[in-house]
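The residues making up each chain are set out below.
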Amino acid sequence: MAMKILLVDDSPISRKMLKSCFPKDATFEFHEAGDGLDGCEKFREIGPDITFLDLTMPVMDGVQALEHMKKHCRDAVIIVATADIQTGSIEKVMGLGAFMVLKKPPTKESVRSALLKVGEYREAHHG
Amino acid sequence: MDNESLLVADEERDILQELMNIAFGKAAAELAEVISIFVVLSVPSIKVLKAAQLPEYLQEEIRDFADISIVEQNFWGRFKGSAFLVFPAGAGKALISLLDPEHEATFESGTFEVLEKETLMEVGNILIGACVGKMSELLGDVVTYSPPKVVVENEPRGIIPKNLFDPEYTAIVMRTVFRFEERDVRGFLFLVTTHDSIVWLKKALAAFIEHYE
């Protein structure tokens, strides 16, 4: 079964870049949202296996969206994909329950490594 | 160079916006490492203008600031242009304590003004250098910089040089707004590319996105 991936980012180019970095040897079902509010709605609607969430967005930013998503589903795997790599920002989102931070621009290697980490985590926690 | 080749497509604007987002994120992280500060970022914007419209555009953007301090630095490589870091008056004073806590209480006239200018120059150097450096790295270029020029507390009118570029030329303006959380200081960074780097820039943007096709 295809893994459901939700990409939340206001930049269409950024979503395109991230999507292109996913391994071609696996099947993914992609869903996209252009701001945090839209992201939260799609998150509740589709129940993604992994959410990739930008931080700097209009309407609702990524920090607020992360709080909403974690409130809705405590076990949700949310990877913050951001250009904001200040230690303060990373600590903040990790404190709010982000699974990890993926630094922009994404690469095939960084995305593959993030997916591996999620796989290992799921294996360890859910068998 | 005909006008047709200087038109900037929507996708090129989107790529530039994302590159500016990445580059300023890196710059903010570098500044946060040097001084104990948290920079609140916002979504950058991209404008394509005739160079003649530049002073008016920049003044309109910073209309909320009565007086401003500005750090200006030129950069050149194949990616070529000018960077303007604009703060409201008083920002330098608010930032001094972050860069040099020992001098926070020193209000001797003269010394303090020098300190304020040096603080703005240091913050400008880090933010402009890291942002332009990351942009050019992502675009496959290396740039060199002129020494930063600082003007402390002046009226915005006339501070942006009218004769920066030939008025008939096209300029791309990349703008980001940020806020230093601890000092509640807002600022703008404008990167303005020169006319003659636009054709190269379009090719570099295409080459950048090709990695993601």
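Residues numbered from 1 in each chain as written. Chains lettered and ligands numbered in written order. Predicted model: local features only at pLDDT ≥ 70, side-chain atom pairs only at ≥ 80, totals over all residues.

**Q** Account for helix α2 (residues 36–46) of chain A, with residues named and values stated.
**A** Residues and elements named next belong to chain A. Buried residues of α2: Gly36, Gly39, Cys40 and Phe43, and no others. Looking straight down α2, one finds that the buried residues subtend no more than 100° of arc, so they occupy a single side. Facing away from the buried side of α2, by more than 90 degrees, are the exposed residues Glu41 and Glu45. (Buried ≥ 20, exposed ≤ 12 C-beta atoms within 10 Å, placed from the backbone. Helix = DSSP H or I, 4+ residues; strand = E, 2+ residues; numbered from the N terminus. Arc of directions from axis to C-beta.)

**Q** So what's going on with the interface of chain B and chain A? Residues and values would help.
**A** Across the contact, 19 residues belong to chain B and 18 residues belong to chain A. Sorting elements by how many residues they give to the side of chain B that touches chain A places helix α1 (residues 10–34) of chain B first, with 12 residues. Of the residues assigned to the side of chain B that touches chain A, the class counts are 10 nonpolar, four polar and five charged. (Contact = placed C-beta atoms within 7 Å. Nonpolar A, V, L, I, M, F, W, Y, C, P; charged D, E, K, R; others polar.)

**Q** Before we move on, could you go through the nonpolar core and cite the residues and values that matter?
**A** Of all hydrophobic cores here, the largest spans 84 residues; its most connected members are Val80 of chain A together with Ala28, Ala83, Leu85, Cys131 and Met135 of chain B. For this core, the element with the highest residue contribution is α1 of chain B, accounting for 12 residues. Those residues in contact with Ala83 of chain B that lie beyond four places of it in its chain are Gln73, Phe75, Ile128, Val132, Leu189, Phe190 and Leu191 of chain B. (Core = buried A, V, L, I, M, F, W, Y, C linked by C-beta atoms within 7 Å.)

**Q** Explain the pairing of strand β4 (residues 78–82) of chain A to me, using residue names and the numbers behind them.
**A** Residues and elements named next belong to chain A. The element β4 is largely enclosed, with a buried count of five among its five residues. Burial along β4 is two-sided: the face carrying Ile78, Val80 and Thr82 and the face carrying Ile79 and Ala81 are both buried. In the sheet, strand β3 (residues 50–53) pairs with β4 via three bridges, with the strands oriented parallel. Bridge pairing links Leu53 to Val80 in β4. This β-α-β element, β3 to helix α3 (residues 62–72) to β4, shows right-handed connectivity. For the crossover from β4 across helix α4 (residues 87–95) to strand β5 (residues 100–103), the handedness is right-handed. (Pairing = 2+ DSSP bridges. Right-handed = clockwise from strand over helix to strand, strands pointing away.)

**Q** Requested: an account of the sheet that holds strand β2 (residues 28–33) of chain A, with residues and values cited.
**A** Residue and element names in this part refer to chain A. Reading across the sheet, the five strands line up as β2-β1-β3-β4-β5 and stay open at both edges, with parallel pairing between neighbours. Two strands in the sheet have a free side with no partner beyond their single neighbour: β2 and β5. Looking at each pair of strands side by side, their axes are set apart by 25° on average, direction ignored. Both strand β1 (residues 3–8) and β3 contribute to a ladder of four bridges, which runs parallel. Note on β3: the bridge partner recorded for Leu7 is Phe52. Against the sheet, α2 engages β1, β2 and β3, with an angle of about 165° to β1. The sheet strands contacting helix α5 (residues 108–126) are β3, β4 and β5, and the helix crosses β5 at an angle near 170°. (Axes fitted to C-alpha atoms, helices over the stretch in contact; angles between N-to-C directions.)

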